[in-house]
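# Report on the structure
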Amino acid sequence: LFLHNKLIEMYGKCGSAHHALEIFHSMSHKNSFTWDMTLFACSRNGHLDDAQRIFQAMPRHNVASCTAMLAAYAHNGHILEAKDVFDSIQQPDLAACNAMLAAYAQNGHAELASAHFRHMAQWDVVSWTTVLSAVAQEGHVIAAREIFDDMPCRNLVSWTAMMNAYGSTGQMERAKSMFDDMALRDLVTWTAMVAAYARDGHPDAAKQIFSQMPEWNMVSWSALLNAYSQSGATEYAKTLFEEMPQHNLVTWTALLCVYSQSWHLDEAREIFQKMPERDQVSWNAMLAAFSQNGSIRESQSCFDSMPQHNPISWSSLLSAYAQSGHPEESKRIFESMPQRSPSSWISMVVAYAQAGHIDHAQHMFDAMPQRD
RNA sequence: CUCGGUAGAAGCAG
């Protein structure tokens, strides 16, 4: 029993919710620690439905299990359910309040987040860092810096969040300067720097940071792979993929995109078939490959085969038709989309313009709910 | 008293 609990805990920490669940189900006697650790394993690894089942089947809820469930809902964008769980906590502690704060912040509810923040009885470095990265993600890097400077205390995570605020907005000199000033760096810090150089189009700098890292994991490997992929260094990307100690959904999908970007549609398709598993992102990547290569028939059949559609899938399908001058089909898709974004409207303008229907294009343009 | 739950890093359309 004790041993099994430890095993569940370990599987949860190293990202294998599946194995944790296996052990869980094989156990005939479970204590509250068993339930908690299984829930955390599911929550941490994004298995919302499993987390939900465990949570509902638990004999007793405590603050910790509610906090984990709350976070699982929040990470999947289910803010109302997160709030319900929060409200069900009899005496929320600081961690629970922080989780609710993060739930608002990560889902773009800046007003609710700041109201929640103001009503909290106390704050710790986690609360402040949550606000810092929320503000940074809204694009307010200067405001984020002010928070960083005014925080009562800072730790490695706060420093990394601030560094990443610079790095993700292309302010590489500031990011690098913070990176150099940091006395402590962990895997996340190093990887954030690699990813920042990748986005900024400097695969050489990314590689240099990567080589200096004391250790690597899947995330750091894929950050470097992405640096090569983004910059069109196709051969480096392929070689790196071969050299990686392990592959996962992210690296397989990144490789698929390498082929797709270099117009090797057949190889992209082959990679897709070879992948041991597929998720929404990899399906979307395959669809985008067909769409960008102007292959309408394959785009449509890929779309039809997908287990789920999200706004990105719809967007790819629509632009496949739009860019190849099929205004009627585009219109049909546009109207059957569950949600339309400004880019859906732009696609329709493109569809009509491509087909030479300037009047229709103008009409769509005028009808757009928002323009920038 | 210790441990567990909350904040920072990688892949998809426009």
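What you see is a predicted model; the values in this text were computed from it and never measured.

Criteria and thresholds
- Residue positions are given per chain, counted from 1 along the sequence in the order it is written.
- The naming scheme follows written order: chains are lettered A onward, ligands numbered 1 onward.
- For a predicted model such as this one, the threshold for reporting local features is a pLDDT of at least 70, and the threshold for listing and counting side-chain atom pairs is 80 or more; totals across whole chains, interfaces and linings nevertheless cover every residue.
- Side-chain metrics in this entry use all non-hydrogen atoms of the structure; hydrogen atoms and water are not considered.
- The helix count covers DSSP runs of H or I at least four residues long, the strand count covers runs of E at least two residues long, and both are numbered beginning at the N terminus.
- Atoms counted for the radius of gyration: C-alpha only. Globule rule: 2.2 Å times residue count to the power 0.38.
- The buried label applies to any residue whose accessible area, calculated with a 1.4 Å probe on protein chains only, is under 20% of its type's maximum; exposed applies above 50%, and partly exposed to all values in between.
- Note on contacts: a residue pair qualifies if any of its non-hydrogen atoms lie within 4.5 Å across the two residues.
- Under the convention used here, a 1.4 Å probe and the Shrake-Rupley method define accessible areas, while residue burial counts only the protein chains that appear.
- Here the positive residues are Lys and Arg and the negative ones are Asp and Glu; neither His nor the chain ends is included.
- Working definition for charges: the position is that of NZ of Lys, CZ of Arg, CG of Asp or CD of Glu.
- Think of each axis as a best-fit line through the C-alpha atoms, taken over the contacting stretch in the case of a helix, with angles from 0 to 180 degrees between the N-to-C directions.
- Should an angle lie under 35 degrees it is considered roughly parallel, over 145 roughly antiparallel, and from 65 to 115 roughly perpendicular; all remaining angles are considered oblique.
- Crossing handedness is read from the near helix: turned anticlockwise from the far helix by less than a right angle, it gives a left-handed crossing, and turned clockwise, a right-handed one.
- Nearness is defined per residue: one heavy atom within 4 Å of the molecule or strand is enough.
- Within 3.5 Å is the distance limit for a polar contact, defined as a pair of N or O atoms, with the added protein rule that one can donate a hydrogen and the other accept it, and that residues adjacent in sequence qualify only through two side-chain atoms.
- For this scheme, ten residues count as nonpolar: Ala, Val, Leu, Ile, Met, Phe, Trp, Tyr, Cys and Pro. Four count as charged, namely Asp, Glu, Lys and Arg, and the remainder, Gly too, count as polar.
- What counts as a ring pair is set by centres within 6.5 Å for rings of Phe, Tyr and Trp (its six-membered ring), and what kind of pair is set by the plane angle: stacked under 30 degrees, edge-to-face over 60, tilted for all other angles.
- Only buried Ala, Val, Leu, Ile, Met, Phe, Trp, Tyr and Cys residues count toward a nonpolar core, and they belong to the same one when joined by side-chain atoms within 4.5 Å.
- Here a helix's expected span is defined as the number of its residues, less one, multiplied by 1.5 Å.
- A side-chain nitrogen of Lys or Arg and a carboxyl oxygen of Asp or Glu constitute a salt bridge if their distance falls within 4 Å.

Helix and strand content of chain A: 24 helices and zero strands. In summary, chain A has a C-alpha radius of gyration of 23 Å against a globular reference of 21 Å for 372 residues, a match within 12%. Principal-axis analysis of the C-alpha atoms places the extent of chain A at approximately 65 × 45 × 45 Å. Expressed as a percentage of the 372 residues in chain A, the buried residues total 46%. A fraction of 48% describes how many contacts in chain A between residues 6 or more apart in sequence connect residues 24 or more apart. Working note: accessible area of chain A is about 19,900 Å², and carbon and sulfur atoms make up 53% of it. Put simply, chain A has 24 plus and 38 minus side-chain charges, and the middle of one group is 3 Å from the middle of the other.

Quick look at the packing of helix α10 (residues 141-150) against helix α11 (residues 156-167) now. Two numbers describe how α10 lies on α11: the axes approach to 10 Å, and their chain directions differ by 160 degrees. Judged by the angle between their axes, α10 and α11 are roughly antiparallel. As α10 runs across α11, the sense of the crossing is left-handed. Across the interface between the two elements, Val-141, Ala-144, Arg-145 and Phe-148 of α10 pack against Ser-158, Trp-159, Met-162, Ala-165 and Tyr-166 of α11.

RNA strand B sits among 57 residues. The nearest are Asp-93, Asn-98, Ser-222, Asn-284 and Ser-315. Restricting the count to atoms of RNA strand B within 4 Å of the protein gives a sugar and phosphate share of 48%. Between RNA strand B and Thr-160 there is a distance of 2.9 Å, counted from a base nitrogen to a side-chain nitrogen or oxygen. Between Thr-189 and RNA strand B, the recorded distance is 3.3 Å, taken from a side-chain N or O atom to a base nitrogen. Of the residues in the surface near RNA strand B, the class split is 27 nonpolar, 24 polar and six charged.

This paragraph deals with the packing of aromatic side chains. Scanning the entire structure with this criterion turns up 12 aromatic pairs. Ring centres 5.1 Å apart and planes at 80 degrees place the aromatic pair Phe-24 and Trp-35 in the edge-to-face group. Of this pair, Phe-24 sits in helix α2 (residues 17-26) while Trp-35 sits in helix α3 (residues 32-44), placing them 11 residues apart in sequence. Comparing Phe-24 with Trp-35, the two get one shared label, buried. Between Phe-303 and Trp-314, the ring centres sit 5.0 Å apart and the planes meet at 70 degrees, which makes this aromatic pair edge-to-face. Taken as a pair, Phe-303 in helix α20 (residues 296-305) and Trp-314 in helix α21 (residues 311-323) lie far apart in primary sequence, 11 residues in all. Classification of Phe-303 by relative accessible area gives buried; the value is 5%. Pairwise contacts between aromatic rings join Phe-117, Trp-123 and Trp-128 into one cluster.

Time to look at the side chain of Thr-130. Looking at the secondary structure, you find Thr-130 in helix α9 (residues 125-137). Judged by its relative accessible area of 14%, Thr-130 falls in the buried class. Aside from chain neighbours lying at most four places away, what touches Thr-130 is Leu-101, Ala-102 and Ala-105.

This next bit is on the nonpolar core. Most often, soluble globular proteins have nonpolar side chains that are buried together. Core analysis: the largest hydrophobic core is formed by 120 residues, its most contacted members being Met-69 and Met-162. Residues within four places of Met-69 in sequence aside, it is in contact with Leu-39, Leu-48, Ala-51, Gln-52, Phe-55 and Val-85.

Right, let's talk about α11 for a bit. In this model α11 runs 16 Å from its N-terminal to its C-terminal C-alpha over 12 residues, within 8% of the 16 Å that 1.5 Å per residue would give. Summarising the contacts, the buried residues of α11 are in contact with α9, α10, α12 (172-181) and α13 (187-199). The N-capping residue of α11, defined by a side-chain oxygen 3.0 Å from the backbone nitrogen of Val-157, is Asn-155.

The subject of this paragraph is the pattern of salt bridges. Between side chains of opposite charge, pairing is possible as soon as their charged atoms come close. Across all of its chains, the model carries 10 salt bridges by this definition. Taking the shortest distance from any N to any O, the salt bridge between Arg-332 and Glu-329 comes out at 2.2 Å. Remark: Glu-329 and Arg-332 occur in helix α22 (residues 327-336); sequence separation between them is three residues, near one turn of the helix. Arg-332 sits in the partly exposed class, given a relative accessible area of 43%. With relative accessibility at 28%, the residue Glu-329 sits in the partly exposed group. Lys-331 is paired through a salt bridge with Glu-335; the nearest N and O atoms lie 2.5 Å apart.

The next point concerns the environment of His-61. Mapped onto the secondary structure, His-61 falls in the loop between α4 (48-57) and α5 (63-75). Using a relative accessible area of 36% as the deciding quantity, one classes His-61 as partly exposed. A C-alpha to C-alpha distance of 9.2 Å links His-61 and Ser-32, two positions 29 residues apart in sequence. Those residues within four positions of His-61 in sequence are excluded, and the remaining contacts are Phe-55 and Cys-66. There is a polar contact of 2.7 Å between the side chain of His-61 and the backbone oxygen of Phe-55.

The next point concerns unusual backbone geometry. Only a minority of non-glycine residues have a phi that is not negative, and only a minority of peptide bonds are not trans. Positive phi is not limited to glycine here, since Trp-263 has a value of about 65 degrees. For Trp-263, the position within the fold is in the loop between α17 (249-261) and α18 (265-274).

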